[in-house]
Amino acid sequence: MFRINISTKIVSLFIFSALFSINLSAASWDVPADKKSKNSFIKFNDASAKEGEVLYNKNCASCHGNPSKGNVLKSLKPTPPDLASDGTQKLTDGELFYILNTGRGLMPSFKNVLSENERWKVIAYMRSFNKKYVQVLSNTDPSKSELVKVNMQYDAKSNIVTVKVVAKEKTGTVVLKDAEVILFAKRYFGKLQLDKSMRTNNEGLAYFQYSKDLPGDKAGNVELIAKINDEAYGELESTTKFKIAVPTDKPSLTEKRAIWNVLVKAPIWLIITYSFGVLVFLGFLLYLVLNLLSFWKIGKI
Ligand code: HEC
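Residues numbered from 1 in each chain as written. Predicted model: local features only at pLDDT ≥ 70, side-chain atom pairs only at ≥ 80, totals over all residues. Heavy atoms only, no water.

**Q** What exactly am I supposed to notice about unusual backbone geometry here?
**A** Note: most residues except glycine have negative phi, and most peptide bonds are trans. Along the chain, Lys77 connects to Pro78 via a cis peptide bond; the corresponding omega equals -5°. Of note in this structure, Asn159 is not a glycine but carries a positive phi near 55°. Structurally, Asn159 is set in the loop between strand E1 (148-155) and strand E2 (160-169). In this structure, Asp178 takes a positive phi of about 60° despite not being glycine. Mapped onto the elements, Asp178 comes out in the loop between strand E3 (172-175) and strand E4 (180-186). (Helix = DSSP H or I, 4+ residues; strand = E, 2+ residues; numbered from the N terminus.)

**Q** Would you mind going over the packing of aromatic side chains with me for this structure?
**A** One pair of aromatic rings is described through two measures. These are the centre distance and the angle between the planes. Applying the stated criterion to the full structure yields five aromatic pairs. Between Tyr56 and Tyr125, the aromatic rings sit 5.2 Å apart at their centres with planes inclined by 55°, giving tilted as the arrangement. A residue pair is termed long-range when its members are at least 10 positions apart, and Tyr56 in helix H3 (residues 46-59) and Tyr125 in helix H7 (residues 116-127) qualify at 69 residues. There is no split in this pair, since Tyr56 and Tyr125 are both buried. The rings of Tyr56, Tyr125 and Phe129 are connected pair by pair, giving a single aromatic cluster. The ring of Trp29 has Arg104 sitting right over it, with the charged end atom 3.9 Å from the ring centre. The ring of Phe184 has Lys191 sitting right over it, with the charged end atom 5.0 Å from the ring centre. (Phe/Tyr/Trp six-rings, centres within 6.5 Å; stacked < 30°, edge-to-face > 60°. Buried < 20%, exposed > 50% of the residue type's maximum accessible area, 1.4 Å probe, protein only. Lys NZ or Arg CZ within 6 Å of the ring centre and 35° of its normal.)

**Q** When you look at the domain arrangement of the chain in this model, what are you seeing that I'm missing?
**A** Often, the extent of an interface is quoted as the loss of accessible area upon association of its parts. As assigned here, the chain comprises domain 1 (20-127), domain 2 (142-242) and domain 3 (263-300). Placing a centre on the C-alpha atoms of domain 2 and another on those of domain 3 gives a separation of 60 Å. (Domains from an automatic or database assignment.)

**Q** What is the right way to look at the coordination of the iron atom of the ligand in this model?
**A** Octahedral six-donor coordination of a metal ideally yields angles of 90 or 180 degrees, compared with 109.5 degrees for tetrahedral four-donor coordination. Within the first shell, the iron atom of the ligand binds the protein through His64 (NE2) and Met107 (SD), at distances of 2.0 to 2.1 Å. Each of the six donor atoms around the iron atom of the ligand contributes to a set of angles spanning 88 to 179°, which defines the coordination as octahedral. With His64 in helix H4 (residues 61-64) and Met107 in the loop between helix H6 (93-102) and H7, this pair connects stretches of sequence that are 43 residues apart. The exposure class of His64 is buried, given its relative accessible area of 10%. (Donors = N, O, S within 2.8 Å, 3.2 Å for Na, K, Ca; no water. Tetrahedral: all angles 85-135°; square planar, octahedral: opposite > 155°, others 65-115°.)

**Q** Honestly, the sheet that holds strand E5 (residues 191-199) in this entry has me stumped. Any pointers?
**A** Strand pairing within a sheet occurs via backbone hydrogen bonds; the two strands may be parallel or antiparallel. A sheet is described by the order of its strands in space; here four strands give the open sequence E5-E4-E7-E8, paired in antiparallel fashion. Bordering the open sheet on either side are E5 and strand E8 (234-242), each of which pairs with just one other strand. On average, each strand axis in the sheet is inclined to that of its neighbour by 20°, with strand direction left out of account. When E4 meets strand E7 (residues 222-230), the two strands line up antiparallel, connected through six bridges. (Pairing = 2+ DSSP bridges. Axes fitted to C-alpha atoms, helices over the stretch in contact; angles between N-to-C directions.)

**Q** What exactly am I supposed to notice about the environment of Val174 here?
**A** Looking at the secondary structure, you find Val174 in strand E3. Exposure remark for Val174: the relative accessible area of 32% places this residue in the partly exposed category. Linking Val174 and Lys50, residues 124 residues apart in sequence, is a C-alpha distance of 37 Å. With residues near it in sequence (within four places) discarded, Val174 still touches Val166, Ala167, Glu169 and Tyr233. (Contact = heavy atoms within 4.5 Å.)

**Q** How should the nonpolar core be read in this particular structure?
**A** For soluble globular proteins, nonpolar side chains are generally found buried alongside one another. By size, the foremost hydrophobic cluster in this structure holds 27 residues, and its most contacted members are Val163, Leu183, Leu224 and Ile228. Elements represented by at least two residues in this core include exactly E1, E2, E4, E5, strand E6 (205-209), E7 and E8. With residues up to four places along the chain from it excluded, the contact list for Val163 reads Val150, Asn151, Met152, Val181, Leu183, Gly204, Leu205, Ala206, Phe208, Ala226 and Ile228. Judged by nonpolar contacts, the second largest core, of 20 residues, contains Leu55, Cys60, Leu96 and Val122. (Core = buried A, V, L, I, M, F, W, Y, C linked by side-chain atoms within 4.5 Å.)

**Q** What's the story with a nonpolar patch on the surface in this structure? I'm lost.
**A** Judged by side-chain polarity, Tyr274, Val278, Phe281, Leu282, Phe284, Leu285, Tyr287 and Leu288 come together as a nonpolar surface patch covering roughly 840 Å² of accessible area. Residue position: Tyr274 is located in helix H8 (residues 268-300). (Patch = residues over 30% accessible without salt bridge, like charges linked within 9 Å, V, L, I, M, F, W, Y side chains within 5 Å. Areas by Shrake-Rupley, 256 points an atom, 1.4 Å probe, with all protein chains shown as cover. Salt bridge = Lys/Arg side-chain N within 4 Å of Asp/Glu carboxyl O.)

**Q** Help me out: how do you make sense of empty space enclosed by the protein in this one?
**A** In this approach, a probe sized like a water molecule rolls over the atoms, and the result shows the empty space that is left. This structure, assessed with the given rule, holds one cavity of 30 Å³ or more. Estimates place the volume of the largest cavity at around 40 Å³. Around the largest cavity sit Lys111, Asn112, Glu180, Ile182, Lys227, Ile228, Asn229 and Glu235, which together line it. At the level of elements, E4 and E7 are the ones that each hand at least two residues to the lining of the largest cavity. Looking at the lining of the largest cavity, the element that brings in the most residues is E7, giving three residues. (1 Å grid on protein atoms, 1.4 Å probe; cavity = no way out; pocket = protein on both sides within 12 Å on 5 of 7 lines; lining within 4 Å. Points joined across faces, edges and corners; volume = space filled by probe spheres on them.)

**Q** Any chance you could explain the pairing of E1 here in plain terms?
**A** The side chains of a regular strand alternate, residue by residue, between the two faces of the sheet. Pairing of E1 with E2, which is carried by eight bridges, proceeds in the antiparallel orientation. Counted as the bridge partner of Met152 is Val163 from E2. The loop that links E1 with its antiparallel partner E2 comprises four residues; one of these, Asn159, has a positive phi angle of about 55°.

Encoded structure:
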């Protein structure tokens, strides 16, 4: 009897603490201190909130509903919070930005979906529902990203692309250390990430392994896009064309007849059915006019 009692106690204690910890992890976000205090360089005003609203409706409303309306997608667990709620509004701008970057579980990461500017504009929109909110602007200068120069080189033997990131300051060239670099290959629709995201070393270099069978255009060219994110210099993208891919003879999407192409390149069957439809319609109109004309003649007699 005593033993059962003890083990039931232990089991229930275990279940309780498990439930409690699940609850805790769903409620709080572990945001590193330096990320927590990050501020936006975009001013939160009516204009930025309006742009943020468009992005919000496209990317967030399906789960989070309309802020302050509580029409969130309740079938998800954990339930996506109403982003105008006190709980969310208590988070700092840096925390919101971090959550948008990293995501968690069903909450997607928007780091490669929305640009840094766009992510701040979505936050501007969320803040427009908080009357008490007062913005602290960041003193990083977004125009600093224009000083950044990216150089890409490849080694066909080892299949490694080297990305070097520097900033051309007036006082000289500064090597960007510990900047985040993500490398993509441009595809027909969107882009394909190559390798993991990397950080530049002390020489401002990041190395990426790419696959030998990366498909390119007819000549084997592929456009590589390096997305850079640096604490001080902000975000930017740089594109370089390389002949490192497998030549792929894919006709361009607008080369052949297709329903999305211009009229002269529309599929024959579409032109025929369309023309036939127009002819039938015109013929019917002519028939009506002739009939009306004959009525008119009869009336005159
Ligand atoms: C597929 C559904 C989905 C989409 C789309 C989505 N979210 Fe979320 N979001 C969630 C879920 C689920 C949570 C709760 C996650 C958790 O606590 O682990 C969440 C949590 C959050 C939180 C934390 C709120 C708090 O109080 O803890 C913020 C902020 C947030 N989302 C913002 C956004 C923004 C902004 C967008 C659009 C750019 C967006 N989300 C798009 C599902 C989604």
